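Commentary on secondary and tertiary structure
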Amino acid sequence: MNSLKTKILIFLLTFSLLSCKDNKEKRKEIVSEKIELFSEKQTEWNNLTNRILKNQFVNSNLGKGIYPTDLEQSLSAELIENGIKLITVRNDSECKEVEYATEWTEYPIGTLYLTWTTCGNLKQTEKEFHQSDSSFIEVFGIGNNWLIWTDSDFI
């Protein structure tokens, strides 16, 4: 009986590990597609980001999650149309950052974040940069201060 339990456990563990590898490759493929789509509209994203950084409501709520519906109609509509469910902004003399939480993906990605930043490790924003650690976070550089990061933690 113990032998059967051991075999079943080994099978489940092996299947889980293989499944994770497939998901990682699928994530990379999906993110590559999103980067390609983003690159086609990068000028529009740059303009949207500049408008957000100048917005009075945003600047009075720095560091807080802001829903598109919290903003004026034209900005709200543009965010919603682009599949953005939440933004978080940092805007000071040393560091400017707009992080867009998107509704662009489902499992195996989890949540995909599009970020424009002048903060921290700018190497992460370099085109074709990729970082994956043992956690559920992966970072993909797009170039021109843009990156995409994914959080695949199912919790």
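Heads up: the structure comes first, above all this text.
Here the residue index of a chain counts from 1 through its sequence in written order. This being a predicted model, a pLDDT of at least 70 is required before a residue's local features are given, and a value of 80 or more before pairs of side-chain atoms are given or counted; all residues contribute to the totals for chains, interfaces and linings. As a convention, hydrogens and water are excluded, and side-chain values are obtained from all of the structure's heavy atoms.

On to the environment of Arg27. Helix and strand assignments follow DSSP, with helices taken as H or I runs no shorter than four residues and strands as E runs no shorter than two, numbered in order from the N terminus. Relative to the helices and strands, Arg27 resides in helix H1 (residues 2–40). Given a relative accessible area of 13%, Arg27 falls into the buried group. For the pair formed by Arg27 and Thr105, sequence separation is 78 residues and the distance between their alpha carbons is 9.5 Å. The cut-offs for exposure are 20% and 50% of the maximum accessible area for each residue type, with area from a 1.4 Å probe on protein chains only; residues under the lower value are buried, those over the upper are exposed, and the others partly exposed.

Attention shifts here to the nonpolar core. The definition of a nonpolar core used throughout is a set of buried Ala, Val, Leu, Ile, Met, Phe, Trp, Tyr and Cys residues joined through side-chain atoms within 4.5 Å. The biggest cluster of nonpolar side chains holds 26 residues, and the ones touching the most others in it are Trp45, Ile52, Leu79, Ile87, Tyr100, Leu114 and Trp146. When residues of this core are traced back to their parent elements, those giving at least two are H1, helix H2 (42–54), helix H4 (73–81), strand E1 (84–91), strand E2 (96–102), strand E3 (111–117), strand E5 (137–143) and strand E6 (146–151). In what follows, a contact means two residues having at least one pair of non-hydrogen atoms within 4.5 Å. Beyond its immediate chain neighbours, meaning those up to four positions away, Ile87 contacts Ile52, Val58, Lys64, Gly65, Ile66, Leu71, Leu79, Glu99 and Tyr100. Ala101, Tyr113, Phe129 and Trp149 belong to the second-largest nonpolar core, a separate cluster that totals six residues.

What follows deals with the pairing of E6. Counting buried positions over the six residues of E6 gives five, a clear majority of the element. With six bridges joining them, E3 and E6 adopt antiparallel strand pairing. Note that in E6 the partner of Tyr113 across the bridge is Trp149. Pairing between strands is defined by DSSP: at least two bridges between the two strands are required. Direction of pairing for E5 relative to E6: antiparallel, over a ladder of six bridges.

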